[in-house]
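# What the coordinates show
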Amino acid sequence: MKGPLVPLVMIPRYTSYSGSGDFETTPIDVSAYEKAVLDYWRGKLLGGSTPTFRVHFQHSSDGQSWSDIVTATDPGQDTVQTITVTFLKKWFRVKVALTGSTPAAAVTAWMVGVLEERVES
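Residues numbered from 1 in each chain as written. Predicted model: local features only at pLDDT ≥ 70, side-chain atom pairs only at ≥ 80, totals over all residues. Heavy atoms only, no water.

## Focus: the environment of R42
As a reminder of what qualifies: Under the DSSP-based scheme used, a helix requires at least four consecutive residues in state H or I and a strand at least two consecutive residues in state E, with every element numbered from the N terminus. Contacts: residue pairs with any heavy atoms within 4.5 Å of one another. Throughout this description, a polar contact denotes any pair of N or O atoms lying within 3.5 Å of each other; where both atoms belong to protein, one of them has to be capable of donating a hydrogen while the other can accept it, and for residues adjacent in sequence the pair is counted only when both atoms sit in side chains.
Tracing the backbone through its elements, the reader meets R42 in strand β4 (residues 33–42). Spatially, the C-alpha atoms of R42 and P7 are 20 Å apart, while their sequence positions differ by 35 residues. When sequence neighbours within four positions are dropped, the list of residues in contact with R42 reads F53, D74, P75, G76, Q77, D78, T79, V107, T108 and A109. A distance of 2.7 Å separates a polar atom in the side chain of R42 from a polar atom in the side chain of D74.

Here's what the structure looks like:
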């Protein structure tokens, strides 16, 4: 049985990132949810020496120590990619990893979707 769906915005339209580094979303308590189905998009990837864009879907039991559930592929410029993430721990966040220098890397992105509530059998 599928649970009710709740809208979710992980990265608002159109969020810009600049400079090499990791950019994490605010962690959310997903203990009431089974999974998330998320669409994500990125615009043109700018930067000097071959910039890269990578999305990490992370979970944590305590909100302090984080590990990847899955690392998603780069959707490519102006392309939407959909991913389903099943929750195994209490906390969930998304990390955008951006690399590139001279000039610094920059990109615009967004990520929206739904959370599916857990249903007791």
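Back to the text.
## Looking at the nonpolar core
Inclusion rule: To form a nonpolar core, buried Ala, Val, Leu, Ile, Met, Phe, Trp, Tyr and Cys residues must be joined to one another through side-chain atoms within 4.5 Å. A simple rule labels every residue: compare its accessible area, found with a 1.4 Å probe on the protein chains alone, to the largest value its type can have, and call it buried under 20%, exposed over 50%, or partly exposed in between.
L38, F57, F92 and M111 are the most contacted members of the largest nonpolar core, which has 26 residues in total. Elements supplying a minimum of two residues to this core: β1 (5–18), β4, β5 (52–60), β7 (79–86), β8 (91–99) and β9 (106–117). Once residues within four sequence positions are removed from consideration, M111 is found in contact with V9, M10, I11, L38, D39, Y40, V55, F57 and V94.

## Quick word on the sheet that holds β9
Condition: For two strands to be treated as a pair, DSSP must find no fewer than two bridges joining them. Angular values range over 0 to 180 degrees, each being the angle between N-to-C directions of two axes fitted as lines to C-alpha atoms, with helices fitted over their stretch in contact.
Reading across from one edge, β1-β9-β4-β7 is the order of the 4 strands in this open sheet, with antiparallel pairing throughout. In the strand order of this sheet, the two ends are held by β1 and β7, each with one partner. Strand-to-strand twist in this sheet, taken as the mean axis angle between neighbours without regard to direction, amounts to 15°. As paired strands, β1 and β9 are joined by 10 bridges and run antiparallel to one another. Residue pairing in the sheet places L8 in a bridge with G113 of β9.

## Looking at the packing of aromatic side chains
Here is the rule: Only centres within 6.5 Å qualify two rings of Phe, Tyr or Trp (six-membered ring in Trp) as a pair; their planes then separate them into stacked at under 30 degrees, edge-to-face at over 60, and tilted for everything else.
Enumeration according to the criterion identifies 6 aromatic pairs in this entry. With centroids separated by 5.5 Å and ring planes inclined at 80°, the aromatic side chains of Y14 and W41 adopt a geometry described as edge-to-face. With Y14 in strand β1 and W41 in strand β4, the pair connects residues that are 27 residues apart, well separated along the chain. Taking 6.5 Å as the distance between ring centres and 10° as the angle between the ring planes, the aromatic pair formed by F57 and F92 counts as stacked. A residue pair is termed long-range when its members are at least 10 positions apart, and F57 in strand β5 and F92 in strand β8 qualify at 35 residues.

## A few points about the side chain of H56
Residue position: H56 is located in strand β5. Taking the relative accessible area as the measure of exposure, H56 reaches 11% and is therefore buried. Polar side-chain contacts of H56 include one of 2.9 Å to the side chain of D68. Among all residues touching H56, those that are not within four sequence positions of it are D68, V70, T71, R93, V94, K95 and A97.

Coordinates in, geometry out; function isn't part of it.
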